[in-house]
Structures are given as C-alpha cells and as structure tokens.
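Chains, contacts and geometry: an overview
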Amino acid sequence: MSRQKHNHLENHNSEVILSYHDSKLVFIVLFLIITGFLAIFSAGAPKCNIQGSTSTYFVARQFIWFILGFIAMFIISKMNYRALEKLSIPFALIIILLLAAVHFMGTTVNGAQRWLTLGIIQFQPSEASKLAVIMLLASAFSKDVSLLNFRNYKYFIPILIMILFIFKQPNLSMVLILLISSMFMYFAAGGSIKLIISTITAGFLSLNLLLHSFQRQRIEIWLHPETDPYGAGYNIIQAMMAFVAGGIFGEGYGNSIQKLGWLPEGHTDFIFAVFAEEFGFIGCLLVIGLFLAFLQRGLLISNKCEDIFGKLLAAGITISICIQAFINMSVASSMLPATGVPMPFISYGGTSLFITMCMVGVLLNISKKRIRRISNVR
C-alpha cells in the first residue's frame, strides 16, 4: 500500500467505544474519598476549634477540592487518553515553571518551601509532577525502552529538572515516589532488571551523601525515638500510642485521644494513626484492602489495554498512587522515617486530592474498550 493511501486510510479511521469505564474502580475511589471525609472531620475538628474556626472547616475546604477534582476527572475520562502523548512535554514545562516559581517565591511551611500561594488558594506543584513524569515516561518508553536513545532525552531532561527542583524544596519523599514509579514503568516496558537493581544499589550507597543533616537526624530518631521523646521523636511515639490504643476494634469514631493536640499532623501526614486509634486493626485492614483493590483494578486496566502508551500510563498512575499510600501508612506506623506524604484520597490536602482524581480520570479513560473502525475508501 502506498504511503499516500495509508495516510488516507488513517484519516478515515474513527474510534468506537464498546464499553463504559471501569465501574468497580469508581466505587473503590468513592469509598476511599468518603473514608477520607470521615477521617478529616474527626481528626481535624479539634484543631479547627483551637484555631477559632468551625469544626467543619477542613472538611468544607476538602469538599470544594473534591468538586473541582470530580469535574476534572469527568472531563478527562471523556477525552481520548492518546492526546496526552502530545501534551506530555508542554504539561511538563508548565510544571517546571511552577516549581521554579516555588523556588523563588514559594511559601515555607514546617521548614519546607513547597507551596505557591495565589490569593486564598495555596497549592503544591510537586503533586502535579507525578502525572507529568508518568506522561513523559509513557511517551518515551512506548517508542523505545532504551535509556541511551537520544530521541528520548527530550522526555528525560524535563524529568531530571523537576526532580532537582523538588529535591531542593526539600521534598525527598516526593522524589522517592517519582523514582519508584519511574523504575516500575521502565520494568513494565521491558527494561533491564539488572539495571534497575544496580540503580537501587547505587542509590542506597549514595544516600548518605545526598541527605541533608536534618534528614539524617530524622532517620536516627526513627530508629531511636526514645532519645528525644519531647522533640524530634515526639510524633513517632504519639503515633505508636494511637495504634496501641486502637487495638483490634478501635475506640470508636470520634473518640481518638491523640487528635486532641497530642499528634500535631493528625488530619494530614498522620491521619492513618488517628484512624487506627478510632477503628482499630479491622479499620486499618479495610483501608489497606481498598488500596489493594485499587492496585488490582489499575493493573488489570493496564494489562487489558492494547496500546503500549495507555498500558504504561495506567501502570504508572496505579503504582504512583499506591506507593504514596504505602509510604504514608508506613510512616504513620513507624515502619519508615517521618516524611511529608499525604495519604491519597484520605489525608487533608486539596492539591493532592485534585491531582489524584485527575489521574483516576486517565485510568477510567483507558479502561474503556475501543476498536478502530475503518470507513470505506474509494
């Protein structure tokens, strides 16, 4: 067939959608978000009262972001996800500009300069970098999985710039999420396992050189929180006390003691600890089960997608969200050193919820079954 005729055929192709989006994934996400609203209201009410605002202040703000996120998710789920391949570089450039703005004029909270403030809106551009990196890698690896292909450097260089900006904030936890997601996508695309193992080994060996002094101290305190029980080890000890108090069945909804000023970040980074105190081991299993169900549906969507770009996009989004959830739960239960990672769908944080719902919108889009219909050509 001549090239001209082939192009003519492509121009007459049209896409037919054979099924709706994955309804099971929608229900899983809704259960997680509802759980989040309940947890934020319970964990955040005491802090609202201390600040002199209504007890529904955090929930109301989170609900506004949920509405915005739902609208974005709905719109993205109706689009053709393949358009994201062309948008990957422009979107990444926008995120780089926002990260640069954070570097020069960002708002500092708890010693980290991660936020941009525009009037009454405060958002964290590094959250959007997760989707940007996934889009770039899916675009690159769908063409060639080789890391030495210079044509892919137009995708790799923006990723490197974003990681450097985020590391500078500092936000090591987000850097880890980006790197783990990237390695998984490289593996899913058929990359070298030996190279992945070598990279992980080199990363661990050079970790001490890359860490700031306060990050090294955080690891030491994590190992021995009793050395500074009223200082750096305070949150770790209080979080563990919440898990112990929760036991198997929990103290009951709203009956957490740690949220009453003992655990400072009870509605954000340590919301899982407050949840464990109120709902116990059984409640924790429910949340873990929901994220495992999300992982299963996401990887199933990736596996069923016949397009390599969509396959990698779905895999990257699924792993990114689940890795973030795992890190948050591990920090709250003292399995990992303290970081500033919110739990997807559940922790208070508008940017995190909005970006995560956008990522779910992409997953729902990919989950639709499609066929390519070719019209008659004369």
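Before reading further, recall that the structure is shown in the block above.
Looking now at unusual backbone geometry. Keep in mind that most residues, glycine aside, have a negative phi and that most peptide bonds are trans. Note that the residue after Gln 169, namely Pro 170, is joined by a cis bond; omega there is -5 degrees. Relative to the helices and strands, Pro 170 resides in the loop between helix H6 (153-168) and helix H7 (172-188). Positive phi values are uncommon outside glycine, yet Ser 334 reaches one of about 65 degrees. Its place among the elements puts Ser 334 in the loop between helix H13 (308-332) and helix H14 (350-367). With relative accessibility at 22%, the residue Ser 334 sits in the partly exposed group. One non-glycine residue, Phe 345, adopts positive backbone phi at about 75 degrees. When you line up the elements, Phe 345 lands in the loop between H13 and H14.

Right, let's talk about the sheet that holds strand E3 (residues 112-118) for a bit. The three strands are arranged E2-E3-E4 in an open sheet whose pairing can be described as antiparallel. The open sheet is flanked by strand E2 (107-109) and strand E4 (121-123), the only strands paired with a single partner. Put simply, the sheet's adjacent strands are angled 40 degrees from each other on average, direction ignored. Both E3 and E4 contribute to a ladder of three bridges, which runs antiparallel. Bridged to Leu 118 within E4 is Ile 121. Against the sheet, helix H4 (residues 83-105) makes contact with E2, E3 and E4, and its axis sits at roughly 105 degrees relative to E3, the strand it touches most.

About the cut-offs
Residues numbered from 1 in each chain as written. Predicted model: local features only at pLDDT ≥ 70, side-chain atom pairs only at ≥ 80, totals over all residues. Heavy atoms only, no water. Helix = DSSP H or I, 4+ residues; strand = E, 2+ residues; numbered from the N terminus. Buried < 20%, exposed > 50% of the residue type's maximum accessible area, 1.4 Å probe, protein only. Pairing = 2+ DSSP bridges. Axes fitted to C-alpha atoms, helices over the stretch in contact; angles between N-to-C directions. Contact = heavy atoms within 4.5 Å.

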